[in-house]
Amino acid sequence: MSLSIGIDVGGTKIAAGVVDEAGTMITKIRRPSLASDAASIARTVVDIAQELASEYAAASIGVGAAGFVDKSRRTISFAPNLAWRDEPLADRLEDATGLPTVIENDANAAAWGEFTFGVASHASSIVFVTLGTGVGGGLIIDGQLLRGTHGFAGEIGHVNLVPDGLQCGCGGRGCWEQYSSGTALVRMARDAAATSPDLAATLLRLVDGDPSRITGYTVMEAARRGCTAAIRCFNEAGRYVGIALADLVSVLDPDMFVLAGGVSEAGSLIRVPAEESFRDQQIGGDYRPTIPIVTAALGNDAGIIGAADLGRRPAA
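Residues numbered from 1 in each chain as written. Predicted model: local features only at pLDDT ≥ 70, side-chain atom pairs only at ≥ 80, totals over all residues. Heavy atoms only, no water.

Draft legend 1. View of the overall build of the chain. Looking only at helices and strands, the chain features 10 helices and 13 strands. Against the globule reference of 20 Å for 316 residues, the chain gives a C-alpha radius of gyration of 20 Å, in line with a compact fold. Across its three principal directions, the C-alpha atoms of the chain cover 60 × 50 × 35 Å. Relative to its 316 residues, the chain shows a buried fraction of 52%. Across the chain, every contact between residues at least 6 apart in sequence was considered, and the portion connecting residues at least 24 apart equals 62%. On the chain, roughly 13,500 Å² of surface is accessible, and the fraction owed to carbon and sulfur atoms is 50%. (Helix = DSSP H or I, 4+ residues; strand = E, 2+ residues; numbered from the N terminus. Rg over C-alpha atoms; globule rule 2.2 N^0.38 Å. Buried < 20%, exposed > 50% of the residue type's maximum accessible area, 1.4 Å probe, protein only. Contact = heavy atoms within 4.5 Å. Areas by Shrake-Rupley, 256 points an atom, 1.4 Å probe, with all protein chains shown as cover.)

Encoded structure:
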């Protein structure tokens, strides 16, 4: 059975593994990364690939990285969180290992992993939504990864959800990720703790009364313990998820929506309000087939598994 190396490049860590044709991870390693040092990240990626290639008879390499990957899937044109600009990563890896290499956007790679081996393996068309530090996405339509004319499609976190809304790191205002991301959830929870401490009592107990210590996992734990403020934060984040999905269903008409990322780990806390909002917002809902909103199954391994499989499918 053919083996492929999958590499998931993030702003604080690089995770990689060797994956077989059935999507099984044979081995996995992690290395820290320094987001501000583009050359250092590239060297670390190459070192990891060489290490795995020397130990396993891999036939290909696939890399998922946050940012814009060009149409040829060889160069990372722009990666705002990794300081890469026109980084020829595929060439570097092929020169170092001799293995054919495919580069892909990290959310696209994770979407492909879930579509091929995860919760969406029976579907034909999916919208994959990552609710993490920001909001990202991957679009698979009729079995094909939708990359767009220039390779930059799927940046759904930057659709304008609230005209003249909150300032986004991309430079725009009102982007979806300002309302449903882990960052947004923490911001809402800190505001609630400061303005309504009685409603946020459970949340504040978890951080010894210091709102600045609230994290996404703190909000999740407080909500699971019945904290009114924390539950309201998830309801608000989920409401915006539903609004955005209602817009996307009108454009793409997928089989399902797949929620991934740290916020999705809250399960029904985020999914139920998203489902309710989606039903309220979609056009012609009474006359459409039910489109499920499900939670991803592969967790943090989806990017590695998807990238590895894309590495062996250069035309996918």
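Draft legend 2. Structural context of helix α2 (residues 89-97). When we look at burial in α2, the residues that qualify are Leu89, Ala90, Leu93 and Thr97. The buried residues of α2 all sit within an arc of 100 degrees when viewed along its axis, so they share a single face. After α2 finishes, the residue Gly98 shows a positive phi value of roughly 75 degrees. (Arc of directions from axis to C-beta.)

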